[in-house]
Structures are given as C-alpha cells and as structure tokens.
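Chain by chain, the residues run as shown.
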Amino acid sequence: MTRRKLVAGNWKMNGTAADLGEATQISMAAETADGVDVALCVPATLIVRACTATPGFAIGGQDVHAAANGAHTGDISAAMLEDAGASVVIVGHSERREAHGETSEAVAAKAEAALNSTLDVIVCCGESLDVREAGHAVTNVTDQIAASLPANADAQRLSVAYEPIWAIGTGKVAGPEEIGEMHAAIRSKLAEKLGEDAANAVRILYGGSVNGDNAAEIFAIDHVDGALVGGASLTAAKFVPIIHAATGRSV
Ligand code: PEP
C-alpha cells in the first residue's frame, strides 16, 4: 500500500502572532509539495490566527481533553479545536506524558475524543534512554502504543509518531536500523490490534531531531511515512527542506 507522507511540525510552547509569517511561508511550500501532507501544530492561542493566515493549510493543536466540556481548567476540547479551525491534534507527546503524568489509557481517551470529532490524530510513543540501554525499547514502545490506541481507531485519520525521548531536541537521531526495527514492530502491533488492512493505512512518523540534512535518509527507511518535527518546524528556512525531502526533491 502507498501511504502519503505526512510532515507535521510541533511548535510546542513557542510562537506568538509575530511568528505567523513563518506559518505562511511553510503553508506556501506545502501547496507545491506533491504527494505530501503537511501540518503545523501551533499553541492553542495561535490556532485561529494561523488558520486565517494560511487558508486551506492544516493547522493543529498539541493536546485535547477526553471530555466534551466541563470543569477542566486550562484544558481544551475537540469541539473547541474544531471551532478554532484545527484539523489535527497531537496526543501523548512524551513531554505531556512526563510533565503531566499522562498514562497511555488517558492518551487513548484523548485520541478517541479527537476521532469522535472531525480531527485527525497523531498518537505519540517512544522510549527513554534507560529503557533503550536495557534492551527493552521494542517491547516498551509496542506496549505503549497498544495501550494508547483509541477504541474507535480510524486508520485513515490516525497517525502514530515514534519519538525516542533521548532523540527529542537533543540533536541525537536514532540510527536507521533502530528506526526501521521500531517502525516495523509498531506496524505489526497495529496489525494485531486493528487488522492488517487498517495497520497498512496508518502512517507511522519518526520524530527526534529531524532536520533538512537527515530527513531524506530517514524518509527512505521502510515503514517511515513522514516526520513529527519540533525545533526545525519553527522557521520556514529549517522546515521547508524537510518538506522537500519528503517529496523526494533534493535539498
Ligand atoms: C518533538 O518534540 O516532537 C520533536 C521531535 O522535537 P525535535 O524535532 O526538536 O527533536
């Protein structure tokens, strides 16, 4: 099966209105990125303005609450993200799992809420350095993703991002064998949980210090269907070469 590549940026807690010019330039590059989907997950405060600045381009959120509404101070629901113009949301990023104590069960509930709306969802998983060094990375990550899958998984609207925690924002990238082994193991786990056809439709992204210099090599690995990009998504100068690499264009 041919899966369109997805290159998604995650601005994390970075960006104000002054940075929307970067989003505009990125959206213009996305328009000519043949065969590649591009999305930018901005802080919640920027979603409306980013959507206005980039008509037709996929703007996303970085988290969603599992509940539809209610007494959840500081949280945001799927309907609110939709209302703001978002079309996709990241759930289960390791920074949320670690800093906010999110369990895989909570992540699955968030993904379910997203899929019950019109939002596509990117479910993140990844192992710590300790787990990798102890030789348990594959079991750890496949268990994590199995427990993070929503009950209403819709393969066309679901992506999985494998992001080794030790590679996020560190400049260290997992090696091609490590990435290939993990993505194949995730695909097998998805087949076990969702069936072969659905598993083959889910896009599995790699995340962790992806940049314009290493993207082409990463995209050439089996079962790598795109990237989730943090630091290098903050500027068009760094993000656009990654988009071009996904199209197969030389950078
Ligand atoms: C991320 O946090 O999703 C990420 C991959 O960050 P970076 O690209 O900066 O490593």
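See the structure shown above.
So, here's what we can say about the structure. (Residues numbered from 1 in each chain as written. Predicted model: local features only at pLDDT ≥ 70, side-chain atom pairs only at ≥ 80, totals over all residues. Heavy atoms only, no water.)

Turning to the overall build of the protein chain, a few remarks are in order. The helix and strand tally for the protein chain stands at 11 helices and 8 strands. In terms of principal-axis extent, the alpha carbons of the protein chain reach across some 50 × 45 × 35 Å. Counting all 251 residues of the protein chain, 53% fall into the buried class. Long-range pairs, those at least 24 residues apart, make up 73% of the contacts in the protein chain between residues at least 6 apart in sequence. Counting every atom, the protein chain has about 10,800 Å² of accessible surface; 50% of that belongs to carbon and sulfur. Taking the 17 positively charged and 31 negatively charged side chains of the protein chain as two groups, their mean positions are separated by 2 Å. (Helix = DSSP H or I, 4+ residues; strand = E, 2+ residues; numbered from the N terminus. Buried < 20%, exposed > 50% of the residue type's maximum accessible area, 1.4 Å probe, protein only. Contact = heavy atoms within 4.5 Å. Areas by Shrake-Rupley, 256 points an atom, 1.4 Å probe, with all protein chains shown as cover. Lys, Arg positive; Asp, Glu negative; His and termini not counted. Charge placed at Lys NZ, Arg CZ, Asp CG, Glu CD.)

Let us now look at the site of the ligand. The full set close to the ligand counts 14 residues, and Lys 12, His 93, Glu 163, Gly 169 and Ser 209 are the nearest of them. In this structure, Gly 169 approaches the ligand through a main-chain N or O atom, which is 2.6 Å from an oxygen atom. Measuring from an oxygen atom of the ligand, one finds a backbone N or O atom of Gly 230 at 2.8 Å. With the chains in place, 95% of the 290 Å² that the ligand exposes on its own is no longer accessible. Partitioning the shell around the ligand into residue classes produces 4 nonpolar, 8 polar and 2 charged. (Near = heavy atom within 4 Å. Polar contact = N/O pair within 3.5 Å; in protein donor to acceptor, adjacent residues only side chain to side chain. Nonpolar A, V, L, I, M, F, W, Y, C, P; charged D, E, K, R; others polar.)

Time to look at helix H1 (residues 20-31). Taking 1.5 Å of rise per residue, the 12 residues of H1 would be expected to cover 16 Å, and the 17 Å separating its terminal C-alpha atoms lies within 8% of that figure. For H1, the complete set of buried residues consists of Leu 20, Ala 23, Ile 26, Ser 27, Ala 29 and Ala 30. Elements that come into contact with the buried residues of H1 comprise strand S2 (36-41), helix H2 (47-53) and helix H11 (236-247). (Expected span 1.5 Å × (residues − 1).)

Moving on, we get to the pattern of salt bridges. Enumeration according to the criterion identifies 14 salt bridges in this entry. Measuring nitrogen to oxygen at the nearest pair gives 3.8 Å for the salt bridge that ties Asp 154 to Arg 157. Overlapping salt bridges, with partners in common, bring together Asp 63, Arg 96, Glu 102 and Lys 110 in one network. (Salt bridge = Lys/Arg side-chain N within 4 Å of Asp/Glu carboxyl O.)

It is at 10 Å that the axes of helix H7 (residues 137-148) and helix H8 (residues 176-194) come closest, and there the two elements cross at 40 degrees. Considering only the axes of H7 and H8, their crossing is right-handed. Counting all contacts with H7, which are made through Ala 137, Val 138, Val 141, Thr 142, Ile 145 and Ala 146, the residues of H8 involved are Glu 181, Met 182, Ala 185, Ile 186, Lys 189 and Lys 193. Of the residues contributing to the contact of H7 with H8, the split by class is 8 nonpolar, 1 polar and 3 charged. (Axes fitted to C-alpha atoms, helices over the stretch in contact; angles between N-to-C directions. Left-handed = near helix turned anticlockwise from the far one by under 90°.)

As far as function goes, none of this settles anything; it's purely spatial.
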